[in-house]
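Here is how the chains run, residue by residue.
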Amino acid sequence: MSSFLSKFIKKFKKNAECPEKEKCIEILTLVIDGEANSEQKVYVKNHIEDCMPCNEEYEVEKAIRVLLQEKCTHMAPNDLLESIKTKINQSPTI
Ligand SMILES: [Zn+2]
């Protein structure tokens, strides 16, 4: 019984691995960043329906982008403004 289970898990794990993961992630990232062409968009859309690891990767990458965007809009303006002001004050007038 346990050997059946381990065979099943092995089979499942094998299926859960993407044969072209590096290529997939590269294209995934392009799509998330909005730099993919329509062919690449279609590829990712079709691929992540069947490929769980890439599906997860896609969600993770998307979540990271959302987090970064939130951080930027919440934190950056004042700090950025201050550092720009400081730089302007520090640089000699021409
Ligand atoms: Zn994949």
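Anything mentioned here points back to the structure above.
Note that the coordinates shown come from a computational prediction; the quantities given were computed from them, not determined experimentally.

J.: How should the environment of Ile48 be read in this particular structure?
T.: Structurally, Ile48 can be placed in helix 3 (residues 38-50). Among the residues examined, Ile48 registers 20 C-beta atoms within 10 Å and is labelled buried. Counting along the chain gives 24 residues from Ile48 to Cys24, while the straight-line C-alpha distance between them is 9.2 Å. Sequence-distant contacts of Ile48, that is, excluding residues within four places in its chain, are made with Cys54, Asn55 and Tyr58.

J.: Would you mind going over the environment of Val31 with me for this structure?
T.: With respect to the helices, strands and loops of the structure, Val31 is situated in helix 2 (residues 21-32). In sequence terms Val31 and Val42 are 11 residues apart; their C-alpha atoms lie 9.7 Å from each other. Beyond its immediate sequence surroundings of up to four residues, Val31 is in contact with Ala36, Gln40, Lys41 and Val44.

J.: Help me understand the environment of Leu30, please; the structure alone is not making it clear to me.
T.: Turning to its location among the elements, Leu30 is positioned in helix 2. Not counting chain neighbours up to four residues away, the residues in contact with Leu30 comprise Glu35, Ala36 and Gln40.

J.: How should I be thinking about the packing of helix 2 against helix 3 in this particular structure?
T.: Helix-helix packing: each pair is described by the crossing angle between the helix axes and the interaxial distance. Following both chains from N to C, one finds helix 2 and helix 3 inclined at 115 degrees, their axes separated by 9 Å at the closest point. The handedness of the crossing between helix 2 and helix 3 is left-handed. In this structure, helix 2 uses Cys24, Ile27, Leu28, Leu30 and Val31 to contact helix 3, whose residues at the interface are Gln40, Lys41, Tyr43, Val44 and His47. By residue class, the composition of the contact of helix 2 with helix 3 is 7 nonpolar, 2 polar and 1 charged.

Calculation notes
Residues numbered from 1 in each chain as written. Predicted model: local features only at pLDDT ≥ 70, side-chain atom pairs only at ≥ 80, totals over all residues. Helix = DSSP H or I, 4+ residues; strand = E, 2+ residues; numbered from the N terminus. Buried ≥ 20, exposed ≤ 12 C-beta atoms within 10 Å, placed from the backbone. Contact = placed C-beta atoms within 7 Å. Axes fitted to C-alpha atoms, helices over the stretch in contact; angles between N-to-C directions. Left-handed = near helix turned anticlockwise from the far one by under 90°. Nonpolar A, V, L, I, M, F, W, Y, C, P; charged D, E, K, R; others polar.

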